[in-house]
Amino acid sequence: MFQHLPKGCNALVIGASQGIGRALCAQLASHPQVNQLYAASRSGQSAHGIAVSADICTQEGRQALVKALGGAPLHLLINTVGRLHGEGLAPEKRLESLTEAAFMDSIRVNALAQALTVQALLPHLAAAGQALIGHLSARVGSIGDNHLGGWYSYRAAKAAQNQLNRTLAVELGRRHPGVLLLTLHPGTTDTALSRPFGQNVPPERLFSPQRAAGQLLAILEVAGPQAHGGFWAWDGSAIPW
Ligand SMILES: NC(=O)c1ccc[n+]([C@@H]2O[C@H](COP(=O)([O-])OP(=O)(O)OC[C@H]3O[C@@H](n4cnc5c(N)ncnc54)[C@H](OP(=O)(O)O)[C@@H]3O)[C@@H](O)[C@H]2O)c1
């Protein structure tokens, strides 16, 4: 049970069509505390909850989320949206591969979209009184933990997301102290995002999406004010910023 949340919660997972988000939806759909589940992605595909088609990188997409909620309070928001590779974006191994277009795209998807989504949903989170936000980031966004280098755009965008999360947590603490925000690292998980880069990960460190989702929900279930504004790994340990 989510210690911070009341019974009969409304939950929204963004990034629900694939990977960790899809596994989160499967588990939240049968969670005894969840009353209504909203499952959003660009494709709008979900086997669980109310499927919502929304691209959170656009104002229109963020408004589609607001419309789907229809004035309901939002107790649990988990945003899994992230992009490591795809058209026009590949993790850079060396400085010469860094381009302005790919960098700006990474910042938009991996950092800015999360903050603007909270901006759009803030009235719904505030209306819940007690609410939890879980923003999926990545350990590679930690500046203090960066000993390997590489992946300039993704690392910088996740670091930017972390700073936005931290800044937002401070403001929430002042304006809406019942709304807690946790920055979460899911661990390396076998999804479309990580698959091209998972070959060197030992099997015991490569999680299934189901296991990753269960571990993230376990962190959110015990989260209270002491966890607010922190950067937490899948096992509940704190990650340096
Ligand atoms: N997998 C790992 O090993 C790993 C490790 C560390 C951190 N992470 C982080 O964990 C998060 C989840 O990763 P994942 O592996 O589950 O990724 P994934 O398998 O690529 O899934 C991403 C999900 O986000 C949706 N999405 C992408 N862009 C969107 C947008 N603009 N608006 C709405 N939905 C969008 C995708 O569906 P549509 O295409 O239908 O929109 C998909 O459902 C990411 O933030 C990632 O950086 C993952």
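Everything numeric here is computed off the predicted structure, so don't read it as measured data.

1. Overview of the site of the ligand
In the vicinity of the ligand lie 29 residues, with Ser17, Ser43, Tyr154, Thr189 and Thr191 positioned nearest. Within the contact set of the ligand, an oxygen atom lies 3.1 Å away from a backbone nitrogen or oxygen of Gly15. A distance of 2.6 Å separates an oxygen atom of the ligand from a polar atom in the side chain of Tyr154. Summarising the interface, the protein chains cover 92% of the accessible area of the ligand, which totals 900 Å² for the free molecule. Residue classes in the shell around the ligand are distributed as eleven nonpolar, 15 polar and three charged.

2. With respect to the pairing of strand 1 (residues 9-14)
Within strand 1, six of the six residues are buried, leaving the element largely enclosed by the surrounding structure. Every second residue of strand 1 is oriented toward a common face, with Cys9, Ala11 and Val13 on one face and Asn10, Leu12 and Ile14 on the other, all of them buried. Regarding the hand of the β-α-β motif, the stretch spanning strand 1, helix 1 (residues 19-29) and strand 2 (residues 34-41) is right-handed.

3. Some details on a nonpolar patch on the surface
Where nonpolar side chains cluster on the molecular surface, the patch consists of Leu95, Leu98 and Tyr152 and spans about 270 Å² of accessible area. By the element assignment, Leu98 lies in the loop between strand 4 (76-79) and helix 3 (100-128). Accessibility expressed as a relative area gives 34% for Leu98, which makes it partly exposed.

4. Considering the pattern of salt bridges
On inspection of all chains with the given rule, the structure shows five salt bridges. For Arg94, the salt bridge goes to Glu96, with nearest N and O atoms at 3.3 Å. The pair formed by Arg94 and Glu96 is uniform in burial state, with each residue classed as exposed. For Glu171, the salt bridge goes to Arg175, with nearest N and O atoms at 2.5 Å. Placement of the pair is Glu171 and Arg175 together in helix 4 (residues 152-175), with a separation of four residues, close to one helical turn. Exposure remark for Glu171: the relative accessible area of 33% places this residue in the partly exposed category. Looking at Arg175, the relative accessible area reads 49%, which means it is partly exposed. One salt-bridge network, in which partners are shared between bridges, spans Arg83, Asp105 and Arg108.

Cut-offs and rules
All residue numbers here refer to positions counted from 1 along the written sequence of the relevant chain. In view of the model being predicted, local features appear only for residues whose pLDDT reaches at least 70, and side-chain atom pairs are presented and counted only at 80 or more, with totals across whole chains, interfaces and linings using the full set of residues. The side-chain quantities take in all heavy atoms of the structure and omit both hydrogens and water. Nearness of a residue to a molecule or strand requires only that one of the residue's heavy atoms be within 4 Å of it. Here a polar contact is taken to be a pair of N or O atoms separated by no more than 3.5 Å, where protein atoms must pair a possible hydrogen donor with a possible acceptor and residues adjacent in sequence count only if both atoms sit in side chains. All accessible areas in this document rest on Shrake-Rupley with a 1.4 Å probe, and a residue is counted as covered only by the protein chains that are shown. All residues other than Ala, Val, Leu, Ile, Met, Phe, Trp, Tyr, Cys, Pro, Asp, Glu, Lys and Arg, Gly among them, are scored as polar; the first ten of these are nonpolar and the last four charged. Residue exposure (1.4 Å probe, protein chains only): buried if accessible area is under 20% of the type maximum, exposed if over 50%, otherwise partly exposed. Secondary structure elements are taken from DSSP: a helix is a run of H or I of four residues or more, a strand is a run of E of two residues or more, and numbering for both begins at the N terminus. Call a crossover right-handed when, viewed with both strands pointing away from you, the route from the first strand across the helix to the second goes clockwise. Patches draw on residues past 30% relative accessible area with no salt bridge. Two like charges within 9 Å are joined, as are two nonpolar side chains (Val, Leu, Ile, Met, Phe, Trp, Tyr) within 5 Å. Within this document, salt bridges are pairs made up of a side-chain nitrogen of Lys or Arg and a carboxyl oxygen of Asp or Glu, the two lying within 4 Å of each other.

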